[in-house]
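# Report on the structure
Residue strings, one per chain:
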Amino acid sequence: MMPGEGETIEVFPPVDSVVVDRHGDTDAPATSYEVEDVLIDWDATMDTPVRGTAGARGQNVLTKVILICPEGTEIVNGAKVKLPGVAAKFTVDGDPAPWRMGSWEPGVIVRLKGVK
């Protein structure tokens, strides 16, 4: 991934996560933070109808998106993510995985899911 080619996302850690502030203290409140240079794979988006409580017909649409984040990105399962140009927040689905190209690991892959 070339620096400067990605987008900026906002991450909201889960309420029960331990946050370490810039001084190494772990009693800091969980706050949002930005991650820059994230590639958003909208082509991997799948809209799947699921039963739910969205109106009389009882159908919601489950949306899945893939993020490719720079090396060192710290995002945990259950965190909420705000993507540019989208009003709803998505939830991290599972643990991030290394993004590998042979022996080179330029970052991590994060799966998101959301309900519209």
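Because the structure is predicted, anything quoted here is derived from the model rather than measured. (Residues numbered from 1 in each chain as written. Predicted model: local features only at pLDDT ≥ 70, side-chain atom pairs only at ≥ 80, totals over all residues. Heavy atoms only, no water.)

Moving on: the pattern of salt bridges. Applying the stated criterion across every chain, the model contains 1 salt bridge. Taking the shortest distance from any N to any O, the salt bridge between glutamate 105 and arginine 100 comes out at 2.8 Å. (Salt bridge = Lys/Arg side-chain N within 4 Å of Asp/Glu carboxyl O.)

In the predicted model, the protein carries a mean pLDDT of 80, and the fraction of residues at 70 or more is 67%. Per-element averaging of pLDDT across the protein places strand S2 (residues 33-51) at the bottom with 78 and strand S4 (residues 80-82) at the top with 95. (pLDDT = per-residue confidence, 0-100. Helix = DSSP H or I, 4+ residues; strand = E, 2+ residues; numbered from the N terminus.)

Counting 17 residues, the largest nonpolar core has Ile9, Leu67, Ile75, Val81, Leu83, Val110 and Leu112 as its most contacted members. Every element with two or more residues in this core is listed here: strand S1 (7-12), S2, strand S3 (59-70), strand S5 (89-92) and strand S7 (104-115). (Core = buried A, V, L, I, M, F, W, Y, C linked by side-chain atoms within 4.5 Å. Buried < 20%, exposed > 50% of the residue type's maximum accessible area, 1.4 Å probe, protein only.)

So, on to the packing of aromatic side chains. Summed over all chains, the structure comprises 0 aromatic pairs. In this structure, lysine 89 is placed above the aromatic ring of phenylalanine 12, and the distance from its NZ or CZ to the ring centre is 3.9 Å. (Phe/Tyr/Trp six-rings, centres within 6.5 Å; stacked < 30°, edge-to-face > 60°. Lys NZ or Arg CZ within 6 Å of the ring centre and 35° of its normal.)

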